[in-house]
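Observations on the three-dimensional arrangement
Here is what each chain is made of, one letter per residue.
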Amino acid sequence: MLSVLRVHLPSDIPIVGCELTPYVLLRRPDKTVTTDDFPETAPLDGHFLRYKWYRVQSDKKVAVCSVHPSEQAALQCLGCVKAKIPVAKSYHCSPKCFSDAWQHHRVLHDRAASAANENGNEEEELYGRFNNSGSGSGSINTSLSSSASSASLTNGSAPVYPAAVTQRSGGETWFEVGQFKTYTPTADDIGHVLKFECAVVDSETKLAVGHVNTLLTSRVIPAPSPSPRRLIPVDGMGHLDADGRITSSGTFTVLSYNILSDAYASNDLYNYCPSWALSWPYRRQNLLREIVGYRADIICLQEVQSDHYEEFFSPELDKHGYYGLYKKKTNEVYNGNINTIDGCATFFRRDRFSHVKKYEAAQSLTDAVIPTTQKKTALNRLVKDNVALIVVLEAKVNNQPVDNPGKRQLLCVANTHVNVHHDLKDVKLWQVHTLLKGLEKIAASADIPMLVCGDFNSIPGSAPHALLAMGKVDPSHPDLAVDPLNILRPHSKLVHQLPLVSAYSSFARTVGLGFEQHKGRLDNATNEPLFTNVTRDFIGSLDYIFYTADSLVVESLLELLDEESLRKDTALPSPEWSSDHIAMLAEFRCCKNRSRR
C-alpha cells in the first residue's frame, strides 16, 4: 500500500505571499521510494494523497518582534505607546534586540515628536489609529498585555476566518485554509502557526488509511519590505508624477540588477542572513516584487539560473507586459546540474519596444593568439564562465512600430556578467575588451545609441573600468602587470572608440538643492557610487550602466542608498533586500547631432 515516510518544509518560517510546498517522501506498494504526487484524479493502486492546511488560532494572544518577526516579543517600548506610534513597531524580542535597534528605533520617536509639535493631534492621522489600552506599565521590560498583543496582530481590526470551525483542541482552534499541497500564507495568517496534514486515502471509501502525517510551522510573518527608492531628476528640471516618475515624453528607463543565483546563495557564505530569507521560494517573490515595482522599460538581470528563467521570471514578467531573452554562461568548466548554470536575462516592455536582433557573446579567450606550447596552460586559465547578451531593440510609438524607415529609433543593449576571480585581472580585462570590440562592430554598421549594463566585478579605477569609461588603459596601470600569457600586449590595442559614460556619474555633474547627499554617496576620484555590492567581507561598486553620450542623455537616476540605512547591523542579502547587489536604474532620452569624442 502507498505510505508516507516523511514530510518536512525547507524552511519552517512562513512569509505572507510566499508559497509553502512541503517535501513529501513516499513508499510505493512495490517498496520503492518516490516524491511523486498522487492526487485523487490519478491514484496509485487504489489510493491517493489528501492534503490539508490549517490556521491554528490560540486562545492566548502573542505579539511578534518588530525587528525579528519570526520571534515572539518579550518587551515593549513605552515611548512608542506614549508617542502613539503604531503598536506593532513597539515590540522587541529581547533587551539586546531593543538596544541594537535603538539608533534606528529612536527615529520613530523623533518623527512622532516633530509631528506633535507641528500638527498638534494630527500625528494620529500620520501614524494611524490603534488600540493601546492596557499597556501603560512604567517599565520598558514589561510583560505584554493581551490587548496590546491583539493590536499588533490585527492592526486594529478583527481577522476574517472561515465561518466553520474545523477542529478545536486544548485551547486551540484549527481553521481549514487549504486543500492543496502548496499553500500561500495571507495577511490573515500573520502571527499564527500553520498546520499541514498529509494522508493516504482509499479511493473507494474516501477514508484515510494508516498514519496521518502532520507538521507545524513557525508563526507566519509579514513579508519584510525595504524603503522605496525614488527616481531623482539629475538636472533638477524633470517633472515628477504622483508615483515619482518623470513625465516627460520620449524617455525610457533601464534597470540593471545582479539578483544572486540560488546556486551561490549558500548558508555558509551568507550565514548572517536568516535561512528563511535566503531560501529561493522567499527570495524569488521578494525579487519579483522589487523588479516589477521599478516599472523599468528595459530590465537587465544577471545571475539568472536557466531553470529559474524558464519556470519563474519569464512567465511572471510576461504577465506584466515584458518579453524576455536569455543567454546562459558557457559550461566548458561546469560539472554540476545543467539547470543551475546562470546567465543574463534581458526583458523589455512589449508596448515600448520590439526585438530586432540578438547577439550572444560568450566567447572563449582561447581565440587569442597563443603559442601551441602554451595552449594547455591557456585553457586552464582563460576558459571561464563568461557571458554577454546583446540585443537590438526598436522603439514603438503608441504601441506601434514606426512605418517610416528613416525615423526608426533603434537601441543596442548589452547585458553582461564578467564572472572572473579577482586575481585573474588579465582574463577580466580581456573579456571587457572583447565585448567592446563586438559593440564597435555593431556601431560601425549603424548609427545606434548603446547601453552597456551589468556586473563587471571590477571596482572603479580598475583597468576594466578605465577601459569602459576612458576608452583606454594607462600603460602604467598596475592591473596590466598580471599578464602571464601576454594576451594584453601590446597595450596600445586596449582601446575603443565608443563614447561611453557611466550613468551614475551624472550625480556628480548636477548642481542644485538636495544633490549634496547624493554626491556624498559617490567616490570622489571616479564619481561612481561608493557601493553596489555589500557583503560582510566586501563593500564596493561592481555594477554599472554605461551609455553612449553622443546619442543618449541621462534624465534621472534611482537614488543611491547610504551604507548606514542599508547595512544597519548586517549585510546583504537580508530579509528586506534579496540580493547581495543593489539595483541600478537610469532614465534616458535619445538625442541627435551630438559630437562623438
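Residues numbered from 1 in each chain as written. Predicted model: local features only at pLDDT ≥ 70, side-chain atom pairs only at ≥ 80, totals over all residues. Heavy atoms only, no water.

Here's the deal with the overall build of the protein chain
Within the protein chain one finds 12 helices and 25 strands. Across the 597 residues of the protein chain, 50% fall into the buried class. By sequence separation, contacts in the protein chain at least 24 residues apart represent 73% of the contacts at least 6 residues apart. Entry remark: accessible area of the protein chain is about 27,900 Å², with carbon and sulfur atoms responsible for 50%. (Helix = DSSP H or I, 4+ residues; strand = E, 2+ residues; numbered from the N terminus. Buried < 20%, exposed > 50% of the residue type's maximum accessible area, 1.4 Å probe, protein only. Contact = heavy atoms within 4.5 Å. Areas by Shrake-Rupley, 256 points an atom, 1.4 Å probe, with all protein chains shown as cover.)

Things to note about unusual backbone geometry
Glycine aside, the phi torsion of most residues is negative, and most peptide linkages are trans. A cis amide bond, omega -5°, links R489 with the succeeding residue P490. The topology assignment puts P490 in the loop between α10 (463-470) and β20 (500-502). Positive phi, normally seen in glycine, also occurs at R295, with a value near 55°. Positive phi, normally seen in glycine, also occurs at N527, with a value near 65°. Relative to the assigned elements, N527 resides in the loop between α11 (516-519) and β21 (533-534).

Re the sheet that holds strand β23 (residues 543-548)
One open sheet holds the six strands; their spatial order is β16-β17-β18-β19-β23-β20, and the pairing between them is mixed. Lying at the two open borders of the sheet, with one neighbouring strand each, are β16 (353-360) and β20. Strand-to-strand twist across the sheet, computed as the mean angle between neighbouring axes with direction ignored, equals 20°. Bridge analysis of strand β17 (residues 387-395) against strand β18 (residues 410-417) gives eight bridges, and the strand direction is antiparallel. Bridged to I390 within β18 is A414. Here helix α9 (residues 425-445) sits on the sheet and contacts β16, β17, β18, β19 (450-455) and β20; the angle it forms with β19, its principal contact strand, is near 160°. In this fold α10 packs onto β20 and β23, with an angle of close to 25° to the strand it touches most, β23. (Pairing = 2+ DSSP bridges. Axes fitted to C-alpha atoms, helices over the stretch in contact; angles between N-to-C directions.)

Points about the layout of surface pockets
In this structure, the second largest pocket occupies an estimated 910 Å³ of space. In this structure, the second largest pocket is lined by 32 residues; those nearest its centre are V420, H422, N457, N533 and L542. Among the residues making up the lining of the second largest pocket, the classes are represented as 11 nonpolar, 13 polar and eight charged. (1 Å grid on protein atoms, 1.4 Å probe; cavity = no way out; pocket = protein on both sides within 12 Å on 5 of 7 lines; lining within 4 Å. Points joined across faces, edges and corners; volume = space filled by probe spheres on them. Nonpolar A, V, L, I, M, F, W, Y, C, P; charged D, E, K, R; others polar.)

A short note on the pattern of salt bridges
The final tally for this structure, using the stated rule, is 15 salt bridges. Residue R349 is joined to D297 by a salt bridge in which the shortest nitrogen-to-oxygen separation is 3.7 Å. Taken together, the residues span a long stretch of sequence, with R349 in strand β15 (residues 342-349) and D297 in the loop between α6 (280-294) and β13 (298-305) at a distance of 52 residues. Take D297: its relative accessible area is 5%, and that puts it in the buried class. For E555, the salt bridge is made with R589, and the minimal N-O distance between the two is 3.3 Å. Of the two residues, E555 is situated in strand β24 (residues 552-558) and R589 in strand β25 (residues 584-590); the sequence distance between them amounts to 34 residues. (Salt bridge = Lys/Arg side-chain N within 4 Å of Asp/Glu carboxyl O.)

Quick notes on the packing of α9 against α10
At a minimum axis distance of 8 Å, the contact between α9 and α10 shows a crossing angle of 20°. Considering the angle they form, α9 stands roughly parallel to α10. Once α9 is placed against α10, the crossing between them reads as right-handed. On α10, the residues that touch K428, L429, V432, H433 and L436 of α9 are A463, P464, L467 and L468. Of the residues in the contact of α9 with α10, the class split is seven nonpolar, one polar and one charged. (Parallel < 35°, antiparallel > 145°, perpendicular 65-115°, else oblique. Left-handed = near helix turned anticlockwise from the far one by under 90°.)

Description of the packing of α6 against helix α7 (residues 306-319)
One way to put it is that α6 packs onto α7 with a least axis distance of 11 Å and a crossing angle of 35°. By crossing handedness, the relation of α6 to α7 is classed as right-handed. Judged by residue contacts, W280, R284, Q285, L288, I291 and V292 of α6 engage H308, F312, F313, E316 and L317 from α7. Its residues placed into classes, the contact of α6 with α7 shows seven nonpolar, two polar and two charged.

Re the sheet that holds β15
Taken together, the seven strands give an open sheet; going across it, the order is β11-β24-β25-β12-β13-β15-β14, and neighbouring strands pair in mixed fashion. Edge positions in the sheet fall to β11 (231-233) and β14 (322-328), since each has one partner strand and no second. The average angle at which neighbouring strand axes cross in this sheet is 25°, direction not considered. By the bridge criterion, five bridges tie strand β12 (residues 251-258) to β13 in an arrangement that is parallel. When the bridges of β13 are listed, L255 appears paired with I299. The strands touched by α6 within the sheet are β12, β13, β24 and β25, with β12 carrying the most contacts at an inclination of about 160°.

Examining the packing of aromatic side chains
Applying the stated rule across the entire model yields 19 aromatic pairs. Judged by centre distance (5.1 Å) and plane angle (80°), the rings of F312 and F313 are edge-to-face. Both residues of the pair, F312 and F313, count as buried. (Phe/Tyr/Trp six-rings, centres within 6.5 Å; stacked < 30°, edge-to-face > 60°.)

Focus: the nonpolar core
By size, the foremost hydrophobic cluster in this structure holds 63 residues, and its most contacted members are I298, L451 and F588. Among the elements that take part in this core, α6 stands out by supplying six residues, more than any other. Those residues within four positions of L451 in sequence are excluded, and the remaining contacts are F252, V254, L411, C412, V413, A414, F546, Y547, L552 and F588. With 34 residues, the next largest nonpolar core counts L429, W430, V473 and L498 among its residues. (Core = buried A, V, L, I, M, F, W, Y, C linked by side-chain atoms within 4.5 Å.)

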